[in-house]
Amino acid sequence: IFFSGNGPSGICLSYLLSGYTPYFKRHSLHPHPILQRKLEEAPEVSVLDQDLEYLSEGLEGRSHSPVALLFDTLQRPDTDFGETAESVLTWWHEPDRAIPHLVLGRNAPGGAWHSIEGSMVTLSRGEWMGLPDLPFKEWLKQKRRGLRNNRATAEDIAQYYQHYVMKKGLQKNFRCGTVVTSVRKVSAESISNHTQKDLQEDSDSLWNSNEQSTEVFQVDGFFKTMEGDKEPFSIYAENVVLATGTYDSPTWLGVKGENLSYVHHQLSALEEAVKNNSVGIMSDPVLVVGAGLTAADAILFAHHCNIPVIHVFRRRVGDPGLIFNQLPKMMYPEYHKVHQMMKEQTAACAGPYEHYISLPEHHVLSFGKDKKCILQDKNGCQKAYKISMALVLTGSNPNLSFLPNDGIDLAVDSDQPVNPKRNPIDVDPFTYECTQEKGLYALGPLAGDNFVRFVQGGALAVASSLLKKANKNPP
């Protein structure tokens, strides 16, 4: 089995496929009485081998995925109500149930968490960032550190995921510095006479010929050597798991001049500009486009450095769909501050915040070579602003260029590109297998699960399905 992506989804699935098996902890009490009764029916049977649809029936919470809610409530009962009840799971290592697999990723284990500026604080509470059987808080305590406002920094999270892989002995399954260029179905006969180049040192074959399997996946790509060379590989696998997340391709506005050198699509460009002293308190304003949390992070960063900002976004400030209107003020004081600025500091009325102007219900028409940006409001009125740089932070899309037709055929709406919020890959909710392509699975944001605490249920569903296929479930 091969999977692309070594973020939290990939790490969690590797743990479950390495023989680590969850059981209901005897004499533990779950606050959900119906679930408690179901768990007591067969405590000697692993959760992986039980009927996940039956166990998750009737559960409610902050995810649309029943299995995500199930695994989350088993690990963190009543966590949404501020409770810190212990997990009702106990973990046993059963090596005979392990399934050979390979996890490929561009970065070190932890995926995109290594690309995020280290001091950024997570949106989710720190304890929700943890993976099975190694609570994040406990790991942080060993570093003699605590959680700030119940949340963690991106640097802590990235280090924790790397530590987790080492601590659980999963590193032999991980290959970092790899780029997948193609995943496609081929007939088993066409490759039976070819030897596959295996990435595993112990040269265990990842693909064993199975008389019933007439088609397998061919996975092509390259890995970067220490010298910087690209070494190609080809792997054959009966099952492939897509866990690539969505950090790869920032969304573009599609307007004239967006490809000019002063227009950027990642927050890191602002950090770089501050380091190089190319923007500062005396420079023309930085234009920030977008009304999500990344745009808010850019505004906070600029505000901290006294850099003037013009903030443009399409929605009304009071729009209930705006993420700021969904966050508790006490838990997220800094994002509440940005929301206050957006409300109080519009171009029409000057407010208390220096160096910041909010332009709700505006959009960008074009960027000029002279660093002049043309904006238009809801009434069609246009205005030009001279800026030092632009940050278009309106979300990102997964890069599925390695799949036939960019994976569009796998989406819920097969006429539109895959999008984690609006058009995820269409999967079976209890196995996470793609409805359009058997043997292909999708995890995490690709399947519509956008928070670390909920991607783990998808990993449970995939592991349960693969164990059944491999006939490694007990009778």
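Here's a quick rundown of the structure. Please read these numbers as outputs of a predicted model, since none were measured by experiment.

1. Quick look at the overall build of the protein
Assigned secondary structure in the protein consists of 11 helices and 20 strands. Across the 475 residues in the protein, those meeting the buried criterion constitute 53%. Look at the contacts in the protein between residues 6 or more apart in sequence, and 68% of them connect residues 24 or more apart. Accessible area of the protein: about 22,700 Å², with a carbon and sulfur share of 50%.

2. Digging into the nonpolar core
Core analysis: the largest hydrophobic core is formed by 80 residues, its most contacted members being L13, V183, V240 and I425. The element contributing the most residues to this core is helix 11 (residues 452–469), with 9 residues. For L13, the contacting residues outside a window of four places in its chain are F3, V241, L443, A459, V462 and A463. Counting residues in each nonpolar core, the second largest holds 31 residues, with Y332, Y335, Y353 and L391 among its members.

3. Things to note about a negative patch on the surface
Side chains of D51, E53, E57 and D428 sit close together on the surface and give a patch of like negative charge. Along the chain, E53 turns up in helix 3 (residues 52–56).

4. Digging into the pairing of strand 16 (residues 372–377)
Here 5 bridges tie strand 15 (residues 362–367) to strand 16, and the two strands are oriented antiparallel to one another. Directly across from H362, in strand 16, lies its bridge partner D377. The sheet contact formed by strand 16 and strand 17 (residues 382–386) spans 5 bridges and is antiparallel. Residue C373 lies in a different strand from strand 17, and its bridge partner there is Y385. Between the antiparallel neighbours strand 16 and strand 17 lie 4 residues, among them G380 with a positive phi of about 90°.

5. Details of the environment of D406
Structurally, D406 is set in the loop between strand 19 (396–397) and strand 20 (440–442). For the pair D406 and V418, spaced 12 residues apart in sequence, the C-alpha separation works out to 8.4 Å. Apart from residues lying up to four places away in sequence, D406 is in contact with L400 and S401.

6. Considering the sheet that holds strand 17
The 3 strands are arranged 15-16-17 in an open sheet whose pairing can be described as antiparallel. Each end of this open sheet is capped by a strand with a single partner; those strands are strand 15 and strand 17. Taking the axes of each pair of neighbouring strands and ignoring which way they run, one obtains an average angle of 30° across the sheet.

7. Considerations on helix 2 (residues 33–41)
Three or more residues of helix 2 are buried, namely L35, Q36, K38 and L39. Viewed end-on, helix 2 has its buried residues packed into an arc of 165°, placing them on one side of the element. Exposed residues pointing more than 90 degrees away from the buried face of helix 2 are listed as P33 and R37. Buried residues along helix 2 sit against strand 2 (20–24), helix 3 and helix 4 (66–75).

8. Quick look at the sheet that holds strand 7 (residues 215–224)
Two pairing modes exist for strands in a sheet, parallel and antiparallel, and in both the strands are linked by backbone hydrogen bonds. As summarised here, the arrangement of the 3 strands in space is 6-7-8, forming an open sheet in which the pairing is antiparallel. Whereas interior strands pair on both sides, the edge strands pair on one side only; in this sheet they are strand 6 (178–187) and strand 8 (230–237). The mean inter-strand angle of the sheet, taken between neighbouring strand axes irrespective of direction, is 20°. Sheet topology places strand 7 next to strand 8; 8 bridges connect them, and they run antiparallel.

9. Overview of unusual backbone geometry
Although it is not a glycine, N277 adopts a positive phi angle of roughly 60°. In this structure, N405 is a non-glycine residue whose phi angle is positive, near 55°. With respect to the secondary-structure elements, N405 resides in the loop between strand 19 and strand 20. With relative accessibility at 45%, the residue N405 sits in the partly exposed group.

10. Description of the packing of helix 8 (residues 268–275) against helix 9 (residues 293–304)
For the pair helix 8 and helix 9, the least separation of the axes is 10 Å and the interaxial angle reads 15°. Looking at the two axes, helix 8 sits roughly parallel to helix 9. Crossing of helix 8 against helix 9: the hand is right-handed. Judged by residue contacts, L270, E271 and V274 of helix 8 engage A298, F301 and A302 from helix 9. For the contact of helix 8 with helix 9, the class distribution of residues is 5 nonpolar, no polar and 1 charged.

11. Considering the packing of aromatic side chains
For the structure on display, the rule yields 8 aromatic pairs. Between Y15 and Y20, the ring centres sit 4.3 Å apart and the planes meet at 15°, which makes this aromatic pair stacked. Classification of Y15 by relative accessible area gives buried; the value is 0%. Note on Y20: relative accessible area 16%, which makes it buried. Centre to centre, the rings of Y160 and Y161 are 5.5 Å apart; their planes meet at 55°, and the pair counts as tilted.

12. Observations regarding the pattern of salt bridges
Enumeration over the complete set of coordinates arrives at 11 salt bridges. Between K386 and D284 there is a salt bridge; the shortest N-O distance is 3.7 Å. You can see K386 sitting in strand 17 and its partner D284 sitting in the loop between helix 8 and strand 12 (286–289), a full 102 residues away along the chain. The partly exposed category is assigned to K386, whose relative accessible area is 39%. A relative accessible area of 34% places D284 in the partly exposed class. Three or more residues are tied together by salt bridges with common partners; here these are D49, E94 and R97.

Criteria and thresholds
- Residues numbered from 1 in each chain as written.
- Predicted model: local features only at pLDDT ≥ 70, side-chain atom pairs only at ≥ 80, totals over all residues.
- Heavy atoms only, no water.
- Helix = DSSP H or I, 4+ residues; strand = E, 2+ residues; numbered from the N terminus.
- Buried < 20%, exposed > 50% of the residue type's maximum accessible area, 1.4 Å probe, protein only.
- Contact = heavy atoms within 4.5 Å.
- Areas by Shrake-Rupley, 256 points an atom, 1.4 Å probe, with all protein chains shown as cover.
- Core = buried A, V, L, I, M, F, W, Y, C linked by side-chain atoms within 4.5 Å.
- Patch = residues over 30% accessible without salt bridge, like charges linked within 9 Å, V, L, I, M, F, W, Y side chains within 5 Å.
- Salt bridge = Lys/Arg side-chain N within 4 Å of Asp/Glu carboxyl O.
- Lys, Arg positive; Asp, Glu negative; His and termini not counted.
- Charge placed at Lys NZ, Arg CZ, Asp CG, Glu CD.
- Pairing = 2+ DSSP bridges.
- Axes fitted to C-alpha atoms, helices over the stretch in contact; angles between N-to-C directions.
- Arc of directions from axis to C-beta.
- Parallel < 35°, antiparallel > 145°, perpendicular 65-115°, else oblique.
- Left-handed = near helix turned anticlockwise from the far one by under 90°.
- Nonpolar A, V, L, I, M, F, W, Y, C, P; charged D, E, K, R; others polar.
- Phe/Tyr/Trp six-rings, centres within 6.5 Å; stacked < 30°, edge-to-face > 60°.

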